[in-house]
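Architecture at a glance
The residues making up each chain are set out below.
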Amino acid sequence: PLMKDLLKRSFILGINMLIIQALFRVDIFLLKAYKDNVEVSLFYAPHAFLLQMQIIPVAFAAALLPLLSRSFQGNGSDASYGYEKVFKLFWIVGIYVTVLGILCGPRIIELIYGQAFIMSTLSLQILMIAVVFFALHPIMGSLLISQNKELLLLPGSAVALLSNVGVACILIPH
């Protein structure tokens, strides 16, 4: 039964990871369908930058997962208190990075990609709004996994993917 449970839980997490990867990549495919390579590259540059930034909250969430799991097995109030503090920290850092990225967008683009990509500044500034959610998603996932509720990840991830596709289909052609 242990192996069956592990396989089931791993399968759920694998499906969720596939949905999340599709969420992060579907914009590029939709953009390619409607726009030329120059416009795709102007979007992809800041998009790639944000994907690399995502490593930070994922690493922190992975480091916190064992601690959260142990906390929920013991005293649930300790786990709730710890989770609340981590959530607030990630929320504050996410907002700070978002505002900083919006305000310093031109400098970030020029520093990383050079003057040739300065037209992608607006894309970076718009995408920076998602940083708050990028920061919170791994923590929320770790919370659900630590409580053996990973199945609840799938609906939220699916809604995010469908919303992203819907918004992209509306905005990209214009």
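Keep in mind that what you see is a predicted model, and the values were worked out from it rather than measured.

**Describing the confidence of the model for the protein chain**
Across the protein chain, the average pLDDT comes to 88, with 96% of residues at 70 or higher. Across the protein chain, the secondary-structure element scoring lowest on mean pLDDT is helix H3 (residues 55-73), at 80, and the one scoring highest is helix H5 (residues 105-113), at 95.

**A look at the pattern of salt bridges**
Applying the stated criterion across every chain yields a total of two salt bridges. In this structure, arginine 9 and glutamate 150 form a salt bridge, with 3.0 Å as the shortest nitrogen-oxygen distance. In this pair, arginine 9 sits in helix H1 (residues 2-34) while glutamate 150 sits in the loop between helix H7 (131-146) and helix H8 (153-171), placing the two residues 141 residues apart along the sequence. Put simply, lysine 88 and glutamate 84 hold a salt bridge, and the shortest N to O gap is 3.2 Å.

**Let's talk about the environment of serine 80**
Topologically, serine 80 is positioned in helix H4 (residues 76-103). C-alpha of serine 80 to C-alpha of leucine 127: the two residues are 47 residues apart in sequence and 31 Å apart in space.

**A look at the layout of surface pockets**
Approximately 1,300 Å³ is the volume found for the largest pocket. In terms of lining, the largest pocket is formed by 36 residues, of which the most central are Asp27, Phe43, Leu127, Ala130 and Asn164. Where the lining of the largest pocket is concerned, the elements lending two or more residues are H1, helix H2 (37-53), helix H6 (121-127), H7 and H8. A per-element tally of the lining of the largest pocket places H8 first, with eight residues. The residue makeup of the lining of the largest pocket, split by class, is 24 nonpolar, nine polar and three charged.

**Examining the packing of H2 against H5**
Where H2 meets H5, the closest approach of the two axes is 11 Å, and the angle between their N-to-C directions is 90°. When the interaxial angle is binned, H2 and H5 end up roughly perpendicular. Seen from H2, the contacting residues are Ala45, Pro46, Ala48 and Phe49; seen from H5, they are Ile108, Ile109, Ile112 and Tyr113.

**Things to note about the environment of glutamine 21**
Turning to its location among the elements, glutamine 21 is positioned in helix H1. When its relative accessible area of 37% is taken as the criterion, glutamine 21 is described as partly exposed. Remark: the alpha-carbon pair of glutamine 21 and glutamine 54, spanning 33 residues in sequence, is separated by 12 Å.

**Focus: the nonpolar core**
Phe24, Leu50 and Leu124 are the most contacted members of the largest nonpolar core, which has 25 residues in total. Looking at this core, the elements that each hand over two or more residues are H1, H2, H5, H6, H7 and H8. Per-element accounting of this core gives the leading share, nine residues, to H1. Listed in part, the 10 residues of the second largest apolar core include Val86, Phe90, Leu136 and Ile139.

**Points about the packing of aromatic side chains**
Enumeration over the complete set of coordinates arrives at three aromatic pairs. Consider the rings of tyrosine 113 and phenylalanine 117, whose centres lie 5.7 Å apart with planes at 50°: the pair is tilted.

**Some thoughts on unusual backbone geometry**
Backbone geometry follows two general trends: most residues other than glycine have a negative phi, and most peptide bonds adopt the trans configuration. Of note in the backbone geometry, asparagine 148 takes a positive phi value of approximately 60° without being a glycine. In this structure, asparagine 148 sits in the loop between H7 and H8.

Rules and cut-offs
- Residues numbered from 1 in each chain as written.
- Predicted model: local features only at pLDDT ≥ 70, side-chain atom pairs only at ≥ 80, totals over all residues.
- Heavy atoms only, no water.
- pLDDT = per-residue confidence, 0-100.
- Helix = DSSP H or I, 4+ residues; strand = E, 2+ residues; numbered from the N terminus.
- Salt bridge = Lys/Arg side-chain N within 4 Å of Asp/Glu carboxyl O.
- 1 Å grid on protein atoms, 1.4 Å probe; cavity = no way out; pocket = protein on both sides within 12 Å on 5 of 7 lines; lining within 4 Å.
- Points joined across faces, edges and corners; volume = space filled by probe spheres on them.
- Nonpolar A, V, L, I, M, F, W, Y, C, P; charged D, E, K, R; others polar.
- Axes fitted to C-alpha atoms, helices over the stretch in contact; angles between N-to-C directions.
- Parallel < 35°, antiparallel > 145°, perpendicular 65-115°, else oblique.
- Contact = heavy atoms within 4.5 Å.
- Buried < 20%, exposed > 50% of the residue type's maximum accessible area, 1.4 Å probe, protein only.
- Core = buried A, V, L, I, M, F, W, Y, C linked by side-chain atoms within 4.5 Å.
- Phe/Tyr/Trp six-rings, centres within 6.5 Å; stacked < 30°, edge-to-face > 60°.

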